[in-house]
Each structure stands twice: as C-alpha cells, then as structure tokens.
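# Understanding the architecture of this molecule
The residues making up each chain are set out below.
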Amino acid sequence: MSAVYDEEEPRSGPRAWASGVAGLLDRPLTSYYLVLGSSLLLLALGIVMVLSASSIKQYQDTGSAFSLFERQALWVGIGLPLMWVAGRMPPKMFRTIAYPLMLLSALALMVVLIPGLGQSANGAQRWISFGGPFQLQPSEPAKLALVLWGADLLARKEKLRQLTDWRQLLIPLLPGAGVLVLFVMLGSDLGTTVVLLTIFLSLLWVVGAPGRLFVGMAGVTSVLVAILIVVEPYRMTRLTGFLDQSGNQLTINYQGIQGLYAIASGGLLGTGLGEGRAKWNYLPHPETDFIFAIIGEELGLIGTLIVLGLFGLLAYAGLRIARRVKDPFMRLAAAGATAWLIVQAIINIGAVIGVLPITGIPLPLVSYGGSALIPTLFVLGMLLSFAKREPGARQALAARGPGPAVMALSWLGLAKR
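Residues numbered from 1 in each chain as written. Predicted model: local features only at pLDDT ≥ 70, side-chain atom pairs only at ≥ 80, totals over all residues. Heavy atoms only, no water.

Definition in use: UniProt positions are given in the numbering used here, feature names are shortened, and annotations may be inferred rather than shown by experiment.
Under an unreviewed UniProt entry, the name given to the protein chain is Probable peptidoglycan glycosyltransferase FtsW, and the organism recorded is Actinoallomurus vinaceus. The record in UniProt for the protein chain states the following under Subcellular location (unreviewed entry): "Cell membrane". UniProt, in the comment section headed Sequence similarities (unreviewed entry), describes the protein chain in these words: "Belongs to the SEDS family. FtsW subfamily."

### A look at the pattern of salt bridges
Note the threshold: Here, a salt bridge means any side-chain nitrogen of Lys or Arg that lies within 4 Å of a carboxyl oxygen of Asp or Glu. Working definition: helices are DSSP H or I runs of at least four residues, strands are E runs of at least two. Numbering for both runs from the N terminus. Think of it in three bands: with a 1.4 Å probe and only protein chains considered, a residue is buried below 20% of the maximum accessible area for its type, exposed above 50%, and partly exposed in between.
If you walk through the whole model with that rule in mind, you get eight salt bridges. A salt bridge links K143 to E140; the nearest nitrogen and oxygen atoms lie 3.0 Å apart. Here K143 pairs with E140, and both are found in helix α6 (residues 139–159), just three residues apart, close to one helical turn. Across the pair, E140 and K143 agree in class, each one buried.

### What about helix α15 (residues 370–387)?
Applied cut-off: Each helix should span, by expectation, one fewer than its residue count multiplied by 1.5 Å.
For α15, with 18 residues, the first-to-last C-alpha span of 25 Å sits near the 26 Å given by 1.5 Å per residue. Within α15, 18 of the 18 residues are buried, which leaves the element mostly enclosed by the surrounding structure.

### A look at the packing of aromatic side chains
This is how the line gets drawn: Stacked, tilted and edge-to-face are the three classes applied to pairs of Phe, Tyr and Trp rings, where Trp contributes its six-membered ring and a pair requires centres within 6.5 Å; stacked means planes under 30 degrees apart, edge-to-face means over 60, and tilted covers the rest.
Throughout the structure, instances matching the rule amount to six aromatic pairs. Summarising the aromatic geometry, the rings of F94 and F378 are spaced 5.8 Å apart at their centres and angled 70° between planes, so their arrangement reads as edge-to-face. With F94 in helix α5 (residues 91–112) and F378 in helix α15, the pair connects residues that are 284 residues apart, well separated along the chain. Just as F94 is buried, F378 falls in that class too. Each ring, one from F329 and one from F386, has its centre 6.1 Å from the other, and the planes form 80°; the classification is edge-to-face. Residue F329 is found in helix α14 (residues 328–352), and its partner F386 is found in helix α15; the two are separated by 57 residues along the sequence. Across this residue pair, the class does not change: F329 and F386 are buried. Aromatic rings pair up to connect F94, F329, F378 and F386 into one cluster.

### What to know about the environment of A264
Residue placement: A264 occurs in helix α12 (residues 254–266). Taking relative accessible area as the criterion, A264 reaches 60% and is therefore assigned exposed. Remark: the alpha-carbon pair of A264 and G296, spanning 32 residues in sequence, is separated by 7.7 Å.

Now the structure itself:
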C-alpha cells in the first residue's frame, strides 16, 4: 500500500503542481497569452487609476472629474486597434517602417528644441503642442524607432556575417542612437536618456558583442548620465535630495515624501478605490509619474504586488519570445522592446518607493499620457506578432479555431466563408 501511495502522492503534491505549471509555460502560445493578458490587465488598471488619481484636481480646474479620464480613454481607443493591427503585421512590415520612423523621430526631437515650437515643463523640453490639450512627446516614439531601426540594422549585418568586427557592431548603430540621445539630453530629459541607452545596450548584448566592448559602452553610458546630472543644477539638487531623503521635506523632497506617505497609508489592502487622500493636492502629478503611489494607497500592498507581478510576466514573455524565435530581427526587436518597457517600469517604481532618484518618466500602460501609451501598445502588438511565429504557434492558432472578432463578424454575415 505504501508503494502505491508513494507513486500517487506526486499527482497532487508540490511536484505535481510544479510540473503542471511547467507544462503550461512550455506551450506554444504561452508567450502570446502572457503578453496579451498582462498588457490588457495593466491597461485596464491604468485607466481606472487615472480616473481616481486625476478626479479631484480636474474637478477643481475644469468642473468635471472626468477630463483626463476622457482623454486617456481616447488614447486607449486609438491604441488598442493599433495594437491589433501590429499583432497581425509580418516582421517585414516592422522593418519597412523602421527607417522612416527613425528619421521622423530625429526631426521631431529637433523641433522640440526650437524656441516657440517646443514646450517645456519641470525643467525639461519635451513636447510639441498642437493647440489645446493635445501635445506630442517625440521621445516616446523615438524609443520605438531605436528598437526597430537598431534590430533591423544588426540583423542585416548578422546575415552578412559582418559582426565579427567591433566597428561593424557600432557603426552606424552608435551614431544613430547617439543622435537621439543627444537631442533628448539637450531637452534635459534624464529618464528617457536612460531608457534609450538601455535599448542600445540591450541590442549589443543580444547580438553578442564582446565583453570588453559591452563594458566600454556601459561605461560611456554611465559617463553620459553623470554629465546630464552635473550640468543641470535642479537635477543635482534632486540627486542630493535623494541621498538625504530626511531633509528638504517641503521643497525638493516634497513629492517623494508624499509618495511614500501615500504608499505607507495604504497598508495591506488599501484605503479603497477612490478613497485615497494623497490626490487631494498633497501629491504632485499623481496621474503620471506617481500613479504607483496612488495604487499603493488605494489598493494597498496587494495592488502593488499585482502590478509588479504583471510586469514580471510581461518581462518573462518578452524574453521567452526573444529566445524562441528564429529570425534575428525578431529576436533583437523583442529583446530591445522588453528592455525598454521593463527598465522604464523599474525606474518609475523605484523613484516612487524612494530607491531611485525621481526622473519624471511614466509607468508603461498605467500612467496618463497618449504619447507614451500609443507607442507602447504598438510595440506590444509587435510582440504578439512575433509570439505567433514561435515554434508550433501557427499550428496551435489554427487548431484553436476562429477568434471572437471573426465569430462576431460571422454572426453579422460579414466574415469570409
């Protein structure tokens, strides 16, 4: 009897559970569903939290608590169809748009620096205004441009076996990335500079750059970030404030301290959705840079862990796609896009919880802002497209049958038979 028990026990024990999870993660469409599910959950959470975080200030300013929520809903209404389109695009199409997007991004970043055309706020020159509330932050599509252009460039060189020479690795990748970084640096945008440099380094890492070259480029990156900090007095003040967070609580450290107060007051389960106090003119920019603090206050530790878990799943799925696809361009683009989204999330969350200096970049999919949301949804659609090209994914999709969109069209008599 004991032998029988020993054989059957793993079927319901920890080993069986672990084996079941491993089996789920090893399926062909695992990456596809993880990207889709985590993205949509973060997006849904984001639009709810934008409404909660912005309602008080918007009611005071405009008489309507829904002003920013309505704009964010508009960006979501634009971004989701774009994500769907990107999810159905072949890799060749992404490579086709890479060079025009790179050129347009560089030109837009130049326009931002022209007096009278570019708009500045909080010490950074970041926006192009189109009148009224509509603004474009060119540094956001520039991240997408660098991912696509850099991946296509290195994939072409890999096909031609030109990556054995360090000069072929860096030229023209280094000058191209350097142009974007230079324009962003001139606009005093430290957070975006760090993200662009992260994309550059991730492409070098995935393509297999020699260790000495990678360390050298990482060193140059650190020097550039240090220069960007030193040349701006307000940024040096932020850094010194970060190093002494107990001081200057009513000036340079005010936002960080209020963010920590908000998270601390949330406890385990939070004060309740919409019941937070930090957004009552205590915490600056609660709907953008510090929306994670509002999540911690209103949804508690559980809410913040859910957000971290969703970004963790997104990171796993993106790296799984990069590892499993065969095409060099897809491998590089998936790794670069994943590095962009996850490092940006780490910088944002790290600033809110006080372990990193405040840089003013949004939390992907969650913070308010169309300039950041639309490129993010597009690049997630790209990851969905790549996930469909993992080994066995096409066969699994075919066996799954028609999706809900096709079924809805068939019920209306509009689907092809």
